[in-house]
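One-letter residues, chain by chain:
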Amino acid sequence: MLPIKGIRALSLIDYPKHLSAVLFLGGCNFKCPFCHNYDLAVYPEKMENLDENSVFSELERRKKILEAVVITGGEPLLYPEVIAFIAQIKKMGYLVKVDTNGYTPELLEKVIETGSVDFISMDIKTALETEKYSKAAGIKVDIEKIKQSIQILLKNQVEYEFRTTWISKFVSFEDILQICSFILPAQAYYIQQANEGLEEFQGPEIREIEKKSLIIKEKFKDFNLFIR
Ligand code: SF4
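Cut-off values and rules
Within each chain, residues carry numbers counting from 1 in the order of the written sequence. Only residues with pLDDT of at least 70 are given local features in this predicted model, and only at 80 or more are side-chain atom pairs given and counted; all residues enter the totals for whole chains, interfaces and linings. For the purposes of this entry, the term helix denotes a DSSP run of H or I that reaches at least four residues, the term strand denotes a run of E that reaches at least two, and both are numbered from the N terminus. Taken over C-alpha atoms, the radius of gyration is set against a globule rule of 2.2 Å times the number of residues to the power 0.38. To assign burial, the other C-beta atoms lying within 10 Å of each residue's own C-beta are counted, with C-beta atoms placed from the backbone; 20 or more indicates buried, 12 or fewer indicates exposed, and intermediate counts indicate partly exposed. What counts as a contact here is a pair of residues whose C-beta atoms, placed from the backbone, lie within 7 Å. Every helix has an expected span of 1.5 Å times one less than the residues it contains. This arc corresponds to the set of directions leading from the helix axis out to the C-beta atoms. We call a residue near a molecule or strand when its C-beta atom, built from the backbone, sits within 6 Å of it. Residues were grouped as follows: Ala, Val, Leu, Ile, Met, Phe, Trp, Tyr, Cys and Pro as nonpolar; Asp, Glu, Lys and Arg as charged; and all remaining residues, including Gly, as polar. A strand pair is defined by DSSP finding two or more bridges across the two strands. Each axis is a line fitted through C-alpha atoms, taken for helices only over the stretch in contact, and angles between the N-to-C directions span 0 to 180 degrees. Working rule for angles: under 35 degrees goes down as roughly parallel, over 145 as roughly antiparallel, 65 to 115 as roughly perpendicular, anything else as oblique. Here is the rule for handedness: rotate from the far helix to the near one, and if that takes an anticlockwise turn smaller than a right angle the crossing is left-handed, while a clockwise turn gives right-handed. Each nonpolar core reported here comprises buried Ala, Val, Leu, Ile, Met, Phe, Trp, Tyr and Cys residues connected via C-beta atoms within 7 Å.

> Teacher, can you tell me more about the overall build of the protein here?
Assigned secondary structure in the protein consists of eight helices and eight strands. Against the globule reference of 17 Å for 228 residues, the protein gives a C-alpha radius of gyration of 17 Å, in line with a compact fold. If you line up the protein on its principal axes, its C-alpha atoms span 50 × 35 × 30 Å. The buried share of the protein, taken over its 228 residues, is 37%. Excluding contacts between residues fewer than 6 apart, the proportion of contacts in the protein whose partners are at least 24 apart in sequence is 69%.

> Sorry if this is basic, but what is going on with helix α6 (residues 143-154) here?
Spacing of three or four residues puts side chains on the same side of an α-helix, whose turn is 3.6 residues. Over its twelve residues, α6 extends 17 Å from the first C-alpha to the last, a length consistent with the 16 Å expected when each residue adds 1.5 Å. Of all the positions in α6, only Ile146, Ser149, Ile150, Ile152 and Leu153 are classed as buried. For α6, the arc enclosing every buried residue in end-on projection is 160°, short of the 170-degree limit, so these residues lie on one face. Here the buried face of α6 lies against α4 (105-114), β5 (119-123), α5 (130-137), β6 (159-166) and α7 (173-183). Looking one or two residues beyond α6, the residue adopting positive phi is Asn156, at roughly 65°.

> What am I meant to see in helix α3 (residues 82-91) here?
Buried within α3 we find Phe85, Ile86 and Ile89. For α3, the buried positions fall inside an angular range of 95° around the axis, keeping them on one side. Every exposed residue of α3 that faces more than 90 degrees away from the buried side is listed here: Ala84 and Lys91. Looking at the buried side of α3, the elements it contacts are α2 (52-61), β3 (68-72), β4 (95-100) and α4. Remark: Gly93 follows α3 within two positions and exhibits a positive phi of approximately 100°.

> Explain the site of the ligand to me, please; I cannot follow it from the model alone.
Every residue close to the ligand is listed here: Cys28, Phe30, Lys31, Cys32, Cys35, Asn37, Ala41, Gly73, Gly74, Glu75 and Asn101. Considered class by class, the residues forming the shell around the ligand number five nonpolar, four polar and two charged.

> Help me understand unusual backbone geometry in this model?
A negative phi angle is the norm for most residues apart from glycine, just as the trans form is the norm for most peptide bonds. With omega at 5°, the peptide bond leading from Gly73 into Gly74 counts as cis. By secondary structure assignment, the location of Gly74 is in the loop between β3 and α3. Of note, the amide linkage connecting Leu184 to Pro185 takes the cis form, showing an omega dihedral of 0°. Of note in the backbone geometry, Asn156 takes a positive phi value of approximately 65° without being a glycine. Tracing the backbone through its elements, the reader meets Asn156 in the loop between α6 and β6.

> What is the right way to look at the sheet that holds β3 in this model?
Pairing is mixed in the open sheet, where eight strands are placed in the order β1-β2-β3-β4-β5-β6-β7-β8. The open sheet has two edge strands with one neighbour each: β1 (4-15) and β8 (225-227). On average, each strand axis in the sheet is tilted by 25° relative to the strand beside it, whichever way the strands run. Sheet analysis places β6 next to strand β7 (residues 189-193), joined by five bridges and oriented parallel. Bridging across to β7, Thr165 finds its partner in Gln192.

> Any chance you could explain the packing of α4 against α6 here in plain terms?
Two packed helices can be described by the angle between their axes and the distance between those axes. Interhelical geometry of α4 versus α6 gives an angle of 15° and a closest axis separation of 9 Å. As summarised for this structure, α4 and α6 are arranged roughly parallel, according to the angle between their axes. Crossing geometry of α4 relative to α6 is assigned as right-handed. In this structure, α4 contributes Pro105, Leu108, Glu109 and Ile112 to the contact, and α6 contributes Lys145, Gln148, Ser149 and Ile152. Looking at side-chain class alone, the contact of α4 with α6 contains four nonpolar, two polar and two charged residues.

> What is the right way to look at the nonpolar core in this model?
The nonpolar side chains of a soluble globular protein tend to be buried with one another. Leu23, Val69, Ile71 and Val96 are the most contacted members of the largest nonpolar core, which totals 58 residues. It is strand β2 (residues 18-25) that contributes the most residues to this core, five residues altogether.

And the structure:
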């Protein structure tokens, strides 16, 4: 059974241009020190699972209002059962988006191959270097797995975005440039302002990010770079 720990009945922002419900799966293979859902990610056993059938009934009931379902976490792609789960939601007529940290490329590839997922949003925590990435993810990272997931998405079999939250402690401008050069020509890359949480996990102001994005656009022509 999938560890569904929560449901947000209505979101205007989690699926681009569509009203969505958001499902939160517990557990994560990373332990990012800045995680906003740390208990959900690292101590999922502390939270009760929602009954899967009740979740489906709720989605069925809200079909007239909602267009999409976002599956987030924690890390949704920890669980092979997620494939059947997504297929069932898709069968109900919903668009499906999955948020992932990209650390299970095999499952990412399988999910895309089913054709049941419409949108993938993948975090790139920092530069694609073992030491830096491990610091940001809070575990010893095999950086090849992240690179593999990026390559899978670059095949364009599904709509996707990459996103980096610019936390100065873990991400420098040079790191952003390195990410850009690796993911080019991505469908979309979002630099996200770190505007929540503890002071030690803050990043540049939005105007500073805007200035830097102009430099990036100058360096990498026709790059689909956005800020949020
Ligand atoms: S990958 Fe996401 S959910 Fe997992 S620990 Fe990091 S921030 Fe939290």
